[in-house]
Every structure is written in structure tokens, then in C-alpha cells.
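# Report on the structure
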Number of protein chains: 2
Amino acid sequence: MSVERTLHHFPLDPASRQVRLALGEKRVAFSEVQVRYWESPPEFTALNPSGLTPVLVETRHQRTTVVCETRAILEHIEEQEPEPALLGREAGERAEARRLMQWFDRKFDNEVNGFLLHEKMEKRLLRMGAPDLGALRRGRDALRDHLGYMESLLQQRDWLAGRRMSLGDFAGAAHLSVIDYFGDVPWKDFPAVRTWYMKLKSRPCFRPILADRWPGLAPAAHYDDLDF
Amino acid sequence: MSVERTLHHFPLDPASRQVRLALGEKRVAFSEVQVRYWESPPEFTALNPSGLTPVLVETRHQRTTVVCETRAILEHIEEQEPEPALLGREAGERAEARRLMQWFDRKFDNEVNGFLLHEKMEKRLLRMGAPDLGALRRGRDALRDHLGYMESLLQQRDWLAGRRMSLGDFAGAAHLSVIDYFGDVPWKDFPAVRTWYMKLKSRPCFRPILADRWPGLAPAAHYDDLDF
């Protein structure tokens, strides 16, 4: 069955990266359109009225389905391309993977990205001036709390949600990978998180993420180093 | 098969209400524990480290599964109790229902609840003093934008996601029902939304929602009126 897929995304958007990792891990081919979401391009807002990346456009037997918003896309891919399973097969595993997805997409996003990425990335994309040092500090403090929580999970488990790699890991890795692009992850203080991230970083699905570059925003020196 | 379910929730929390509506519509029995989430009770934080309601605790053959966070619970219920289907059966319907769930839980929550419910509900629960009038106005303006968007959808569709009632409707109705408790929905300016809400409000699954009362927070006079 021939399916054509196009992902509309922004390379440094953690939500977009989760979807790219999931598609990569499942070896699903797709073409990509990079979206400067902060400029609200009308052709993109026509696809997704919320204006948020990512959006997956899928054409199957001349029938097109537009799937908007990360969670919808991830659940959709899992239903359409079940192998390898990235949510787990058993109810408890699925619940834990989804809990972690929400943890990162809501709590981490509010407490860390809302300060750290806003100051370091969005303000530069939007030409809003210099970062506010108080906001940066607040974001970095919250990041340490989140890393501490991940460290405590990974001292007891192979992967964030349990014994198997899941979308919970991709959610965490997608978020950390963007912050790592800006060199703000204190890896040395969180050894279990560092080992877990090394395992993910060396998977083939991670390669396109490590190749991302955005004009005017250079990555930290160790960003694509597998042995950081 | 005997399954015991307990829902830990706060009656005026839109996220909790989505789950109560879905369980009600599927006629799934459950007992409830009301959580004063703003006090971060330790026995609740032990269940869900994010501290957010709702949490569903399910025991099946002496095996207990703790399902945290709205989206995880709603997907879990859909998998465990597929009838009646509340996400649709076809990929496009499911994508649209999930897009709307994210719309309400993220965009509506940030733009409307973050101002309106924060000022009218959370500040009273937390004894934080009088509402800020500028914030209230900002929330009310955003609410009108969202109602306008819903009105445009409901002029073309029977239900928010299309021809069938879905979790997208429950997400929207759960959010509006809490704002309506405080009397802030300008129903008369959005006739299609009002008709849609009347249909939902008269369903049996809505009855417990309309019976909700919280000490010190009285509902608007028309709150439980089916013909408002």
C-alpha cells in the first residue's frame, strides 16, 4: 500500500523532534517542510489553526488525512505502523509512557522551556533582544529538578517508562536535545541520565536530529558528539 | 471480569471532568476520591508526582494499574472499554478528535483558564485575594475568540470533530462547564455553541457534573438549568 507522508516541522521544536524520532525508529519514510512557526505562515495556519508544529499530512489511496499536534500524530503513527511498538503492549506500560509524555509536554515545557528556550531561542528568532538573566536562572533551576527526577527513575529502570524504550524516552530526549543544542544540560551531575541519553543519541533515528542546524543559532560544540 | 476503579479528581477541574464524562458515557462504574490538589496532599503526590488531577486507579485480577494525567486516562479507557467509541473508528476522525483535545487542554487552558479560572477559582481556593481585573478581561477576550472558533466549526458540523460525538466534544464541554459554573460564558452571542452545549448537558453522563458544588464557591444561577 502506498502512503505518502509529509511532516511540517521546525527543527529545534521539541514536539516536532518527538515525531521525527518516532517516524525514524519505525523506519517510516517522509518528506519534510520546515516551518518558521513564529511568523504564522498562512499556508501553515490553514493546516493547523493552532499554528503549532508539527503537522503530518498523509495521503493513502488518494485520500489525505491532516494530523495536527504532537500527541495526535504519535498516537496515529502507533495505530498505523504498530511495529516496533513504542507505547508498550500492556496497559501499565502504555499508561506510564503516556504519563511521561504529558510530564514533558506540559510540566517540563512550562517550567523549563518557557524560560530557558524562550530566552535562548525564541527571543533570537523573534529578535526580541537579550536574554533576561533571572528567567534563565529560573529555567536552569527547574531543569536541574527535572534531571533529578529522571535520574531517580533511571537508577531503577533501563528506560524512563520501564524495561522497554518508549515514546516516554523520545519525549524526554527530544526536550533535552534542544536544550543541549544551546549547551545548557549539566550532564556530569546526572550520570544515569547521561548514559541513557548516550544510548538514545547513538540510535539511527537520532542522526537527523544531530545534523540539525539553524541559521544564526550555532549548536554547542559537543552537540553531535556521541561520546560527550 | 471484575475491575475496580477509583478516580482521584477535583470536581471543578476541566481535566477531571473530561474523564468523568467519558466514564459516564461508557457506563463504567467507579468510586471517587476528591483531591484538594492545591494543597499537594502527600498520598496524592505519591500516586502522581506531577501533582495534577485526575488519576485513575484500576484493579483487575488483584493487579493494580495507576493511570496518571488526562490524556493517558482517556486513551486507556478507550482501549479497555471500546464501546461506545469516543474517538471515532477511522483515522481522520480520530486525528480530528485528538487535535481538539489538545486544542482545549493546551491552547484554551493557557489562554482562557490561565487567566479566568486562575482569577475566579484558584485565587479563592488559595486565598490569594481579589481577582485582577486586567487578567479577567484578558481571559474573557480569549474566551470569546475560542467560542468564535467553536461557533464556526459547529455551523458546519453536528459535533466539534465531525458527524459523531467524540472526546473532542467532552474536552470542550468540560472546559466550558467549569467557566459556566462561574457564570462567564456569553451563551447568547454563540447560538450554535449554545445548542451543542444543551445537547451535551442533557446527556446522563453530564448529571454528576451539574450536581457539583464546592464549599465557598457557589455556581451561577443557570448552571444546572437544562434550558438556560
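Quick caveat, the model's predicted, so the values are computed rather than measured. (Residues numbered from 1 in each chain as written. Chains lettered and ligands numbered in written order. Predicted model: local features only at pLDDT ≥ 70, side-chain atom pairs only at ≥ 80, totals over all residues. Heavy atoms only, no water.)

### Quick look at the domain arrangement of chain A
Residues and elements named next belong to chain A. Selection criterion: These domain boundaries are the output of an automatic or database domain assignment. Every residue pair with non-hydrogen atoms within 4.5 Å of one another is taken to be in contact. By salt bridge we mean one thing: a side-chain nitrogen of Lys or Arg within 4 Å of a carboxyl oxygen of Asp or Glu. The definition of a polar contact used here is a pair of N or O atoms within 3.5 Å, where within protein one atom must be able to donate a hydrogen and the other to accept one, and adjacent residues in sequence count solely through side-chain atom pairs. In this text, helices come from DSSP runs of H or I with a minimum length of four residues, and strands from runs of E with a minimum of two, each type numbered from the N-terminal end.
Looking at chain A, the domain boundaries give domain 1 (3-80) and domain 2 (91-203). Between domain 1 and domain 2, the contact holds 15 residues from the first and 21 residues from the second. Linking domain 1 with domain 2 are 2 salt bridges. A salt bridge links Glu25 to Arg203; its shortest N-O distance comes to 2.8 Å. Summed over the shared surface of domain 1 and domain 2, the result is 6 residue pairs in polar contact (both at pLDDT 80 or more). Those elements that provide at least two residues to the side of domain 1 that touches domain 2 are α1 (14-25) and α3 (70-80).

### Comments concerning the packing of aromatic side chains
All names here are of chain A. The condition is simple: Two rings from Phe, Tyr or Trp (for Trp, the six-membered ring) form a pair when their centres are within 6.5 Å of each other. A pair whose planes differ by under 30 degrees is stacked, one over 60 is edge-to-face, and the rest are tilted. Note on classification: 1.4 Å probe, protein chains only; a residue is buried when its accessible area is under 20% of the maximum for its type, exposed when over 50%, partly exposed between these limits.
Under the defined criterion, the tally for this structure stands at 28 aromatic pairs over all chains. Ring geometry for Phe10 and Tyr37: centres 5.5 Å apart, planes at 65 degrees, overall edge-to-face. Placement of the pair is Phe10 in the loop between β1 (3-9) and α1 and Tyr37 in the loop between β2 (31-34) and α2 (42-47), with a sequence separation of 27 residues. Each of the two residues, Phe10 as well as Tyr37, counts as buried. Summarising the aromatic geometry, the rings of Phe10 and Trp38 are spaced 5.0 Å apart at their centres and angled 75 degrees between planes, so their arrangement reads as edge-to-face. Remark: Trp38 occurs in the loop between β2 and α2 and Phe10 occurs in the loop between β1 and α1; sequence separation between them is 28 residues. Note on Phe10: relative accessible area 0%, which makes it buried.

### What about the interface of chain A and chain B?
The cut-off we apply is this: Note on definitions: buried area is the accessible-area loss of two parts on being combined, 1.4 Å probe, summed for both. For this classification, the nonpolar set comprises Ala, Val, Leu, Ile, Met, Phe, Trp, Tyr, Cys and Pro, the charged set comprises Asp, Glu, Lys and Arg, and every other residue, Gly included, is treated as polar.
Between chain A and chain B, the residue contacts involve 31 residues of the former and 31 residues of the latter. With both chains or domains summed, chain A and chain B bury close to 2,400 Å², and 54% of this area falls on carbon and sulfur atoms. The interface formed by chain A and chain B contains 8 salt bridges. For the salt bridge of B:Arg63 with A:Glu90, the shortest nitrogen-to-oxygen distance reads 3.6 Å. At the boundary of chain A and chain B, one finds 8 residue pairs in polar contact (both at pLDDT 80 or more). Taken together, the elements giving at least two residues each to the side of chain A that touches chain B come down to β4 (63-68), α3 and α4 (91-113) of chain A. For the side of chain A that touches chain B, the class distribution of residues is 10 nonpolar, 8 polar and 13 charged.

### A closer look at the pairing of strand β3 (residues 55-60) of chain B
Residues and elements named next belong to chain B. Let me state the cut-off plainly: Here, a strand pair is defined by DSSP locating no fewer than two bridges between the strands.
Among the 6 residues in β3, 5 count as buried, and that is most of the element. Of the strand pairs in this sheet, strand β1 (residues 3-9) and β3 are connected by 6 bridges, and their pairing is antiparallel. By the bridge assignment for β3, Leu7 is matched with Leu56. Bridging between β3 and strand β4 (residues 63-68) involves 6 bridges; their strand directions are antiparallel. Note on β4: the bridge partner recorded for Val55 is Cys68. Hairpin connection from β3 to β4: 2 residues lie between these consecutive antiparallel strands, with His61 at a positive phi of about 50 degrees.

### Considerations on the packing of helix α6 (residues 133-154) of chain B against helix α8 (residues 191-201) of chain B
Relative orientation and spacing of two packed helices are given, respectively, by the angle between their axes and the distance between those axes. Residue and element names in this part refer to chain B. We count it as follows: Axis lines are fitted to C-alpha atoms, over the contacting stretch for helices. Their N-to-C directions set the angle, which ranges from 0 to 180 degrees. Orientation categories follow fixed angle ranges, with anything under 35 degrees roughly parallel, anything over 145 roughly antiparallel, 65 to 115 roughly perpendicular, and all other angles oblique.
At a minimum axis separation of 8 Å, α6 and α8 run at an interaxial angle of 75 degrees. On the basis of their axis angle, the class for α6 and α8 is roughly perpendicular. For the pair α6 and α8, contact is made by Leu147, Met150, Glu151 and Leu154 and by Pro191, Ala192, Val193 and Trp196, respectively. Classifying every residue of the contact of α6 with α8 by side-chain character gives 7 nonpolar, no polar and 1 charged.

### Let's talk about the pattern of salt bridges
What the rule picks out here adds up to 50 salt bridges over all chains. Note that B:Arg5 is salt-bridged to B:Glu58, the shortest N-O span being 2.8 Å. Here B:Glu58 lies in strand β3 and B:Arg5 lies in strand β1, a separation of 53 residues in the sequence. In this structure, B:Arg5 and B:Glu58 share a single accessibility class: buried. Via salt bridges that share partners, A:Arg71, A:Glu75, A:Arg94, A:Arg98 and B:Glu79 belong to a single interconnected network.

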